[in-house]
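Architecture at a glance
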Amino acid sequence: MSPQRRRQALVVLTGSIATVALACLAWAVTRLGTPASSTPWMFVVVGTALMAMGAVLPMPLPSRLPIRITLVPTACVVCVAVLPAHWVLVCTAVGVAVGRAARQPSHKVTLHKLIHNTSVDVVTAFVAVAMMFVAGSRPGLVTWDEARPQTVSVMIAFLAAAVAALLFEELVTAAAVTWSTGQPVLVTVRFLWRTRLVVGVGEVITAVVIAAALMIDFRVLVALPSTMLALYLAVSNRLRIREERRVWLRLNALSSALSSRNLDEVLHTAVAGAVELFGAQSADIELSRDGRLVRAVLRGDVALVAFDGDVEAAPDETSRQTMWRQGFGDHTTGVRGEVRLRLGGSRAAPSERERSTLQSYVATLGASLDTAHAYGLLAREATHDRDTGLPNRLGLTQWCSALPDESCHVLVVQVENLHFLADAMGQERTLAVLAQVASRLRELSADGSAVAARVGDSTFALVLRGLSTDLAYQRACRAVSLLRHGIEVAAERVDLRASAGMASGEPGPTLLYAAERVLSRALRRSEDRLVLHKTGTVGEWSLARELTQARMSISYEPVVDLHSGRIIMVHTMPRWLYSRNDLLAADDYVYQHIGDVESLQALASQILARSLAAAASWRDVLPDAALVVPVPAVALTPQFVDTMHELLRVHGLTATQLVLALSRPPAGTDSAGDGTEDSGGRSGAQLATSMGVRLLLDNYGSRHTDLAALNAAQWSFLRLHPAFSLDAGWRTAKSVIRAAVDLAADLDLVAVAPGISTHGQRQELAVLGCACGSGELFGGEMFPSQIRAHAQGWTPRPLVRAPHQRRLHRSG
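Below, the structure is looked at part by part. (Residues numbered from 1 in each chain as written. Predicted model: local features only at pLDDT ≥ 70, side-chain atom pairs only at ≥ 80, totals over all residues. Heavy atoms only, no water.)

Each helix and strand counted, the protein has 25 helices and 21 strands in total. By sequence separation, contacts in the protein at least 24 residues apart represent 69% of the contacts at least 6 residues apart. Total accessible area on the protein is roughly 39,200 Å²; 56% of this is exposed by carbon and sulfur atoms. (Helix = DSSP H or I, 4+ residues; strand = E, 2+ residues; numbered from the N terminus. Contact = heavy atoms within 4.5 Å. Areas by Shrake-Rupley, 256 points an atom, 1.4 Å probe, with all protein chains shown as cover.)

So this is what it looks like as structure tokens:
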């Protein structure tokens with residue numbers, strides 16, 4: 001039903017009831033011509049007072065509810081017990097009109113509502129009177145002595161009159177509320193039905209009891225106003241306590257429901273809960289920072305979210321209902337906004353209880369929004385890059401997992417000179433470069449067919465979907481070309497070296513990994529193509545194969561006798577040119593990713609061959625210096641020893657001129673039958689030492705070289721871990737060096753100390769017992785051609801005063 005038709009129906013209802021009420025009053029006035037002595041004036045005054053009290057003292061239901069429960073039906077039944085029918089109607093009209101008129105200024109009751117309520121009360125009294133006649137009894141205490149009715153029949157008549165009055169009032173109230181609010185009839189009937197039923201039953205019982213008491217002694221009539229007031233106070237206090245308990249229980253339940261970590265769920269729960277908690281017609285929650293508005297309206301007896309979006313797009317509220325505003329949040333931290341309630345009911349200003357409830361609600365809402373906002377930021381940081389705002393690897397993987405199973409294309413782009421830019425330009429300018437790179441990638445994904453992400457420190461990804469392979473490749477080339485264009489940063493033009501690899505297939509982390517392998521292949525080949533595209537399945541990546549195919553760089557570091565200053569060994573330092581930007585040292589940090597013994601043997605053979613070949617450039621100036629070659633310990637097998645023997649023969653060197661540096665115990669020390677021993681049961685380390693090759697235990701002091709490692713092979717040298725060099729400034733280093741040197745002396749090993757940078761350190765290490773050392777003081781790391789020139793110009797400088805080695809004291 002439209003609002004206009006509902007208003008028309010309400011006007012018709014009020015007019016009909018008012019007409020019936022006027023007719024009843026006209027009949028009652030015509031009956032006032034009877035002798036006044038037949039009706040004591042005390043009864044009339046008390047009846048009028050009871051009617052006024054019944055109208056003035058409604059039950060304290062929530063102030064925003066459209067329903068009021070009064071004591072008028074109880075007063076009607078009491079008046080019927082002591083007054084004739086026409087006086088009941090007159091007392092009702094006068095008492096109710098005077099009571100409601102006296103109450104009107106403080107509650108701002110409209111004239112229409114005053115006429116409606118007074119008419120309803122008059123007709124209610126008429127219904128009670130009529131029911132008494134139908135039940136066979138005449139109203140009025142003065143007629144009982146004449147008719148001498150039976151007590152049971154009179155009680156039944158009173159009960160019928162009370163029930164009829166209550167049912168009529170409930171029926172008219174339900175119709176008026178339905179047409180005024182637009183709520184369904186069943187919703188109005190169900191509204192607080194338990195409370196209304198309890199109050200109604202109480203009124204009926206009270207009216208019947210009072211009527212029975214009047215039959216016994218009419219002087220009880222004097223105590224009726226005070227009795228009715230006491231009844232009102234008792235019932236209202238009980239209802240008030242019950243209402244307070246209901247409000248705080250609902251507030252507690254709403255606070256528990258607002259503990260969600262999802263911001264949308266918190267807003268929707270809070271705005272709907274506000275409507276139900278305060279009995280509002282609608283409620284708004286506006287977030288100032290986001291410009292977001294969430295609105296809930298009352299539909300029947302359920303609050304529903306009607307709008308969630310921008311404030312400017314929200315529909316205007318033209319209602320004349322009372323607007324109640326309350327802000328929440330802090331201006332500097334957290335979520336800040338405002339709660340707006342549109343209240344119904346006759347009361348314009350909120351009550352004290354409503355104010356305290358709203359303050360508790362707003363405090364809970366602010367804390368819940370701050371928590372949800374914080375969790376939202378954490379979730380975004382987990383899936384988005386902080387510097388660029390693009391999705392990170394996790395965010396891109398989650399986005400790809402939600403795509404349908406259709407072919408897509410993943411482009412992985414690496415800004416190769418980003419780390420150099422960070423060193424040359426500083427962190428702030430590098431972040432500006434990253435922001436512009438992200439902006440250019442966003443432009444390519446503006447049409448929704450692609451999404452950009454930052455999947456590494458200097459690596460970006462672009463997922464293209466819904467495109468053919470050729471079109472995707474063209475767009476990928478355009479993306480890389482845009483990145484290679486110059487970027488303006490603080491009035492300075494910066495050129496980026498960008499390379500890319502692309503793979504096609506079903507979306508998922510596997511496709512991203514395949515595109516990264518294609519990019520890695522392009523970088524290692526030093527191809528300057530815009531995009532290297534691999535169609536079909538991308539082969540599995542093998543570090544051993546990549547290192548075997550990569551170019552190798554060999555450098556050397558001289559190792560001198562600390563006492564005499566002569567160069568007695570040259571330590572090889574091999575590195576792989578993994579790509580044009582990556583240089584990998586041949587050490588355990590690389591070997592730990594290779595579990596294949598054969599692959600490690602191939603790498604060790606490559607290192608040994610390249611070291612022996614490069615050593616030919618300086619061998620003539622250092623003919624007696626031994627060559628130290630680091631190899632993985634696992635690769636020291638009988639097969640490798642055979643290869644080593646052949647390489648020594650080819651380069652014309654003796655076994656005593658070679659020292660193998662192992663950072664772990666060699667293979668075959670603790671087990672047999674695993675391929676690390678020859679037919680005679682000798683391990684690779686035993687075969688090497690039997691040839692005359694000496695072994696060096698490298699990086700002593702690390703977790704792989706403990707005391708048990710000293711007994712794992714026939715060592716000749718013990719080289720300390722660089723972390724224990726004296727120039728590091730670590731106080732523990734001197735104690736570790738002293739202990740290691742003492743062990744080396746007991747085992748007849750030569751202790752080698754790395755990282756010597758000053759003459760004072762050389763002198764101190766010599767005193768501690770180190771026989772050899774290396775570091776910047778003796779030239780440091782050099783290329784083969786440089787070490788030749790260094791050796792030619794090297795002049796040994798022995799220590800002026802021969803140090804006396806200090807040994808640890810032992811008992812026994």
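Structure's up, so let's keep going.
Our next topic: the sheet that holds strand 11 (residues 498-505). What the five strands build is an open sheet, ordered 7-8-6-11-12; its pairing is mixed. Every other strand in the sheet has two partners, leaving strand 7 (450-454) and strand 12 (531-534) as the edge strands with one partner each. Each strand of the sheet is rotated relative to its neighbour by a mean of 20°, with strand direction disregarded. Two elements, strand 11 and strand 12, share four bridges in a ladder whose sense is parallel. (Pairing = 2+ DSSP bridges. Axes fitted to C-alpha atoms, helices over the stretch in contact; angles between N-to-C directions.)

Taken as a whole and judged by the stated rule, the model has 22 salt bridges. With a shortest N-O distance of 3.8 Å, Asp495 and Arg493 are connected by a salt bridge. Because the salt bridges share partners, they merge into one network encompassing Asp284, Glu286, Arg295, Arg325, Glu338, Arg340 and Arg342. (Salt bridge = Lys/Arg side-chain N within 4 Å of Asp/Glu carboxyl O.)

Peptide bonds are trans in most cases, and residues, glycine excluded, mostly fall at negative phi. A positive phi is found at Asn699, a non-glycine position, where the angle reads about 55°. For Asn699, the location among the structural elements is in strand 18 (residues 694-700). Accessibility expressed as a relative area gives 22% for Asn699, which makes it partly exposed. Look at Asp748: it is not a glycine, yet its phi comes out positive at around 60°. Tracing the backbone through its elements, the reader meets Asp748 in the loop between helix 23 (731-746) and strand 20 (750-753). (Buried < 20%, exposed > 50% of the residue type's maximum accessible area, 1.4 Å probe, protein only.)

Most of strand 16 (residues 626-630) is tucked away, with five of its five residues classed as buried. Burial along strand 16 is two-sided: Ala626, Val628 and Pro630 facing one way and Leu627 and Val629 facing the other are all buried. Note: strand 16 against strand 17 (residues 658-662), four bridges, orientation parallel. The partner of Val628 across the bridge, within strand 17, is Val659. Viewed along the sheet, the connection from strand 16 through helix 21 (residues 638-651) into strand 17 turns out right-handed. (Right-handed = clockwise from strand over helix to strand, strands pointing away.)

Let us look at the pairing of strand 11. Most of strand 11 is tucked away, with seven of its eight residues classed as buried. Both strand 6 (residues 408-415) and strand 11 contribute to a ladder of eight bridges, which runs antiparallel. Counterpart to Val415 in the pairing with strand 11 is Ala498. Considered for its hand, the β-α-β crossover made up of strand 11, helix 17 (residues 509-524) and strand 12 is left-handed.

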